[in-house]
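Summary of the model geometry
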Amino acid sequence: MVYCQYHPDRPGIGICVRCRTVICRDCCTRLDGINHCHACLRAMGDRPEAPAGHRGGQMLATAGLVALAWLTFFGSLWLVQGRWAP
Ligand SMILES: [Zn+2]
Ligand SMILES: [Zn+2]
């Protein structure tokens, strides 16, 4: 019988995929269908793709828009040159 790392009196029902710690039902938090203990959840609290990190995504979107604008600008320049070149 395996017991929870945090609760020695409770049976372990899963293993944290990050730290391989045996965890009970109360300690287990499913994230994208994968078991995580609270220690790892806290460690992942500030990961960039979390909803809390809005600014990172916004900056990425802005960079993408700028790249698209440059592409459109140079693309049209190239088109015009191709059409009206002697
Ligand atoms: Zn863990
Ligand atoms: Zn537990």
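The structure presented is a predicted model; accordingly, all values stated were derived computationally and were not measured.

Rules and cut-offs
- Residues numbered from 1 in each chain as written.
- Chains lettered and ligands numbered in written order.
- Predicted model: local features only at pLDDT ≥ 70, side-chain atom pairs only at ≥ 80, totals over all residues.
- Heavy atoms only, no water.
- pLDDT = per-residue confidence, 0-100.
- Helix = DSSP H or I, 4+ residues; strand = E, 2+ residues; numbered from the N terminus.
- Donors = N, O, S within 2.8 Å, 3.2 Å for Na, K, Ca; no water.
- Tetrahedral: all angles 85-135°; square planar, octahedral: opposite > 155°, others 65-115°.
- Buried < 20%, exposed > 50% of the residue type's maximum accessible area, 1.4 Å probe, protein only.

What follows is about the confidence of the model for the protein chain. On average, the protein chain scores 85 in pLDDT, and the residues at 70 or more come to 85%. Element-level pLDDT for the protein chain is lowest in helix α2 (residues 54-84), with a mean of 84, against a maximum mean of 96 in strand β2 (residues 22-23).

Attention now goes to the coordination of the zinc ion (ligand 2). All of the protein donors around the zinc ion (ligand 2) are Cys4 (SG), His7 (ND1), Cys24 (SG) and Cys27 (SG); their distances to the metal are 2.0 to 2.3 Å. Note that the zinc ion (ligand 2) binds 4 donor atoms; their angles at the metal cover 99 to 116 degrees, and the shape is tetrahedral. Positions of the donor residues of the zinc ion (ligand 2), expressed as sequence spacing, correspond to C-x2-H-x16-C-x2-C. Of this pair, Cys4 sits in the segment before β1 (14-15) while Cys24 sits in the loop between β2 and β3 (29-31), and the two are 20 residues apart along the sequence. In this pair, the class of Cys4 matches that of Cys24, namely buried.

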